[in-house]
Amino acid sequence: MSLSMNPPSPAIPAALEHAQHAVHEGISRLVPDYRPGYHLAPQAGWMNDPNGVVFFRGEYHVFYQHHPFDPNWGPMYWGHAKSRDLVNWQHLPIALAPGDAFDRHGCFSGSAVVCGDTLALLYTGHTWLGEVGDESAMRQVQCLATSTDGIHFAKLGAVIDAPPDAAIVHFRDPKVWREDDHWYLIVGARLSDRPCVPLYRSSDLRHWEFLDYLCSGDEGDGYMWECPDLLRLNGRDVLLYSPQGMQPDGFARLNRFHTGYRVGRVDDARHFSGGPFIELDNGHDFYAAQTLLAADGRRLLWAWLDMWESPMPSKAHHWCGMLGLPRELELRDERLHSFPARELTALRQQALPVETATCSDGHRRLPELAGDLLELEVRLDLAGCSQGRLGLALRCSEDGAEQTLLYYDARLHRLVLDRDRSGAGVDGQRSAALVPGQQWLELRLFLDRSSIEVFAADGRFSLSSRLYPRPDSLGVRLFAEADDGRVTIRRAWRLAAQIA
Ligand code: FRU
């Protein structure tokens, strides 16, 4: 099957060229201090959600919400990068620019599918009908764009030009997949103050039939679910989404918005019902995740490693936003487990000495491990530890002013990430609960200049956050301020800076 291509509208190449020019200008003004070495970030300007993660002709493509002119959110473009191995990424020309009648003020989030020899993007065309930013007066429609070379896209206009109910105004972030010889599409929507997920079917990606609502939210589920995604793992259906409007509860849901999932089942009538909402990551900065079913059957996931309305000091450096590491998802015991994609071991450049990297009492500095591009494997032995804290301090400055703490809190029986002294702008703790009676905890953590990602308890939970320490705050220290227990770094590597 293939999709015939209409010629691109003449205005668009000029808009793309203009945007590309802005990126080149922006690159010349960048300040490198917080720039990640091996994560995807915009070359200049602003980035938010990952979009259209797809495997096309032997390469992974990742698109993203992009404002090329400014390090602030604005009219959305689709930035684009690709990789053969999930490690080395190449930035490509901007794929989509807004400006047509159907996407006047933004090409919002969406997905990508391969249809024969064509790469097809389904995205939300966004138009402000009143004042810019007035969410009560806007039009959101679902649009199609196609490419045969995977780089240049022809916009084919709106393919779903009205929501299933005229009372729906928020109507965005289509996710498309293939099943039973048809294409299916779900999209995030808000009916009054309730979230819902309209489901559509098509045989050609152009003509879409509204089937029904896959599901709707109840009281307490928030008012809008952005970026819905439906995945099948181990015979279960998992609805992944990014709710707005859910309330914090104890240690849970402390961020402005959240990304999480429900494990359940889509029945014969194509209705999803599932268990409770579980946050996919417990850090400060993780949102709008999207998945891809890779050719080898793995379910890979990318998220935006930031959070709306958080401090973003890199704006002063002419760029903002980055994506988290690609993760592999597995479903075990009704929970998603996430692991850094296995390819990422190729980032390991130099194994660092860890013979003395253990501590059961007091503090131990580890000058040989100092760095800002690091992978560490850590073990916390918790047997007998009933009070106090056991963990490590990262990105420590010589004067002691800066440090990022990751530790087991025995009283809470939780793993805590504390960024009260993590540098410019940021603060606060986030944490995840250990299972009762857990005697040890194994962590794998990644530092990349302005980020930390911690994968814990064999993927059972993760903590991802942005940090903005000074470039010379590089120290690593272990500490054991507890009645018992030990912290040990078992293996450590300096990682290579790979992004093109
Ligand atoms: C999620 C989101 C999407 C929207 C996009 C706009 O972060 O708000 O719902 O499509 O960002 O940039």
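Residues numbered from 1 in each chain as written. Predicted model: local features only at pLDDT ≥ 70, side-chain atom pairs only at ≥ 80, totals over all residues. Heavy atoms only, no water.

Engineer: I'm lost on unusual backbone geometry in this one. Help?
Structural biologist: Apart from glycine, the bulk of residues carry a negative phi angle, and the bulk of peptide bonds sit in the trans form. Of note in the backbone geometry, Leu86 takes a positive phi value of approximately 65 degrees without being a glycine. The phi dihedral of Asn234 is positive, around 50 degrees, even though this residue is not glycine. Its location among the elements puts Asn234 in the loop between β13 (224-233) and β14 (236-244). (Helix = DSSP H or I, 4+ residues; strand = E, 2+ residues; numbered from the N terminus.)

Engineer: I would appreciate a short explanation of the nonpolar core in the present structure.
Structural biologist: Nonpolar side chains tend toward joint burial in soluble globular proteins. Membership of the largest hydrophobic core comes to 39 residues, with the highest contact counts inside it found for Leu415, Leu445 and Ile489. Non-local contacts of Ile489, meaning those with residues more than four positions away in its chain, are made with Val354, Ala357, Leu366, Leu369, Leu376, Glu377, Val378, Leu392, Val476 and Leu478. Leu292, Leu300, Phe455 and Leu495 belong to the second largest nonpolar core, which has 25 residues in total. (Core = buried A, V, L, I, M, F, W, Y, C linked by side-chain atoms within 4.5 Å. Buried < 20%, exposed > 50% of the residue type's maximum accessible area, 1.4 Å probe, protein only. Contact = heavy atoms within 4.5 Å.)

Engineer: Quick question: what am I supposed to make of the domain arrangement of the protein chain here?
Structural biologist: Interfaces are often described in size by the accessible area the parts lose on coming together. The assigned domain composition of the protein chain is domain 1 (11-343) and domain 2 (348-495). Of note, the centres of domain 1 and domain 2, computed from C-alpha atoms alone, are 31 Å apart. Tallying the contact residues gives 36 residues for domain 1 and 37 residues for domain 2. A combined buried area of about 3100 Å² lies between domain 1 and domain 2, and 52% of that area is made up of carbon and sulfur atoms. Viewed at the interface, domain 2 and domain 1 are joined by three salt bridges. Salt-bridge contacts for Arg419 lead to Asp285; the nearest nitrogen and oxygen are separated by 3.1 Å. At the boundary of domain 1 and domain 2, one finds 25 residue pairs in polar contact (both at pLDDT 80 or more). For the side of domain 1 that touches domain 2, the secondary structure elements donating two or more residues are β21 (327-332) and β22 (335-340). (Domains from an automatic or database assignment. Buried area = accessible area lost by both parts, 1.4 Å probe. Salt bridge = Lys/Arg side-chain N within 4 Å of Asp/Glu carboxyl O. Polar contact = N/O pair within 3.5 Å; in protein donor to acceptor, adjacent residues only side chain to side chain.)

Engineer: What is the right way to look at the site of the ligand in this model?
Structural biologist: Close contacts around the ligand come from Asn48, Asp49, Gln65, Trp73, Met76, Phe108, Ser109, Arg172, Asp173, Glu226, Tyr287 and Trp308, and that covers them all. In this structure, an oxygen atom belonging to the ligand sits 2.5 Å away from a side-chain N or O atom of Asp173. Contact with the protein chains covers 95% of the free accessible surface of the ligand, which is 320 Å². Elements supplying a minimum of two residues to the shell around the ligand: β1 (45-56), β5 (106-115) and β9 (168-179). The residue inventory of the shell around the ligand, partitioned by class, reads five nonpolar, three polar and four charged. (Near = heavy atom within 4 Å. Areas by Shrake-Rupley, 256 points an atom, 1.4 Å probe, with all protein chains shown as cover. Nonpolar A, V, L, I, M, F, W, Y, C, P; charged D, E, K, R; others polar.)

Engineer: Help me understand the sheet that holds β21, please; the structure alone is not making it clear to me.
Structural biologist: The strands that make up a sheet pair up through hydrogen bonds in the backbone, lying either parallel or antiparallel. Read across the sheet, four strands follow the order β18-β19-β21-β22 without closing on themselves; strand pairing throughout is antiparallel. Either end of the sheet is taken by a strand with one partner, and the two such strands are β18 (287-293) and β22. With direction set aside, neighbouring strand axes in the sheet form an average angle of 40 degrees. (Pairing = 2+ DSSP bridges. Axes fitted to C-alpha atoms, helices over the stretch in contact; angles between N-to-C directions.)

Engineer: I'm lost on the UniProt feature "domain: Glycosyl hydrolase family 32 N-terminal" (unreviewed entry) in the protein chain in this one. Help?
Structural biologist: The residues that UniProt annotates with the feature "domain: Glycosyl hydrolase family 32 N-terminal" (unreviewed entry) are residues 39-338. As a span, residues 39-338 carries 0% helix and 56% strand, and end to end its C-alpha atoms are 17 Å apart. (UniProt positions renumbered as here; feature names shortened; annotations may be inferred.)

Engineer: Help me understand the environment of Ala433, please; the structure alone is not making it clear to me.
Structural biologist: Structurally, Ala433 can be placed in strand β30 (residues 429-433). Exposure remark for Ala433: the relative accessible area of 39% places this residue in the partly exposed category. Remark: the alpha-carbon pair of Ala433 and Leu185, spanning 248 residues in sequence, is separated by 35 Å. Every residue in contact with Ala433, bar those within four places of it in the chain, is listed here: His413, Arg414 and Phe461.

Engineer: Just to check I follow, could you spell out the UniProt feature "domain: Glycosyl hydrolase family 32 C-terminal" (unreviewed entry) in the protein chain for this structure?
Structural biologist: UniProt feature "domain: Glycosyl hydrolase family 32 C-terminal" (unreviewed entry): in the numbering of this structure it lies at residues 343-485. Annotated as residues 343-485, this span is 0% helix and 54% strand, and its ends, taken at the C-alpha atoms, are 33 Å apart.

Engineer: Teacher, can you tell me more about the environment of Val435 here?
Structural biologist: Looking at where Val435 falls in the secondary structure, it is placed in the loop between β30 and β31 (440-448). Measuring from C-alpha to C-alpha, the distance between Val435 and Arg460 comes to 9.8 Å, with 25 residues separating the pair along the chain. With near-sequence residues (within four places) excluded, Val435 lies in contact with His413 and Arg460.

Engineer: Got a minute to help me understand the pattern of salt bridges in this structure?
Structural biologist: Where charged atoms from two side chains of opposite charge approach closely, those side chains can pair. Counted according to the given criterion, the structure contains 35 salt bridges. Asp306 is the salt-bridge partner of Arg466, the closest N and O atoms lying 2.9 Å from each other. Pair noted here: Arg466 is in strand β33 (residues 461-466) and Asp306 is in the loop between β19 (299-304) and β20 (319-320), with a separation of 160 residues, a long-range link. Judged by its relative accessible area of 1%, Arg466 is buried. Assessed through its relative accessible area of 1%, Asp306 is described here as buried. Glu375 is the partner of Arg348 in a salt bridge, and the nearest nitrogen-oxygen pair spans 2.8 Å. Residue Arg348 is located in strand β23 (residues 348-351), and its partner Glu375 is located in strand β26 (residues 373-381); the two are separated by 27 residues in the primary sequence. Residue classification places Arg348 among the partly exposed residues on the basis of a relative accessible area of 23%.

Engineer: It is not clear to me how the sheet that holds β5 should be interpreted in this structure. Could you clarify?
Structural biologist: As summarised here, the arrangement of the four strands in space is β5-β6-β7-β8, forming an open sheet in which the pairing is antiparallel. This sheet does not close on itself; its edge strands, each paired only once, are β5 and β8 (154-160). With direction set aside, neighbouring strand axes in the sheet form an average angle of 30 degrees. Across 10 bridges, strand β6 (residues 118-128) lies against strand β7 (residues 138-147) in antiparallel orientation. Considered in β7, the bridge of Gly125 is made with Val141.

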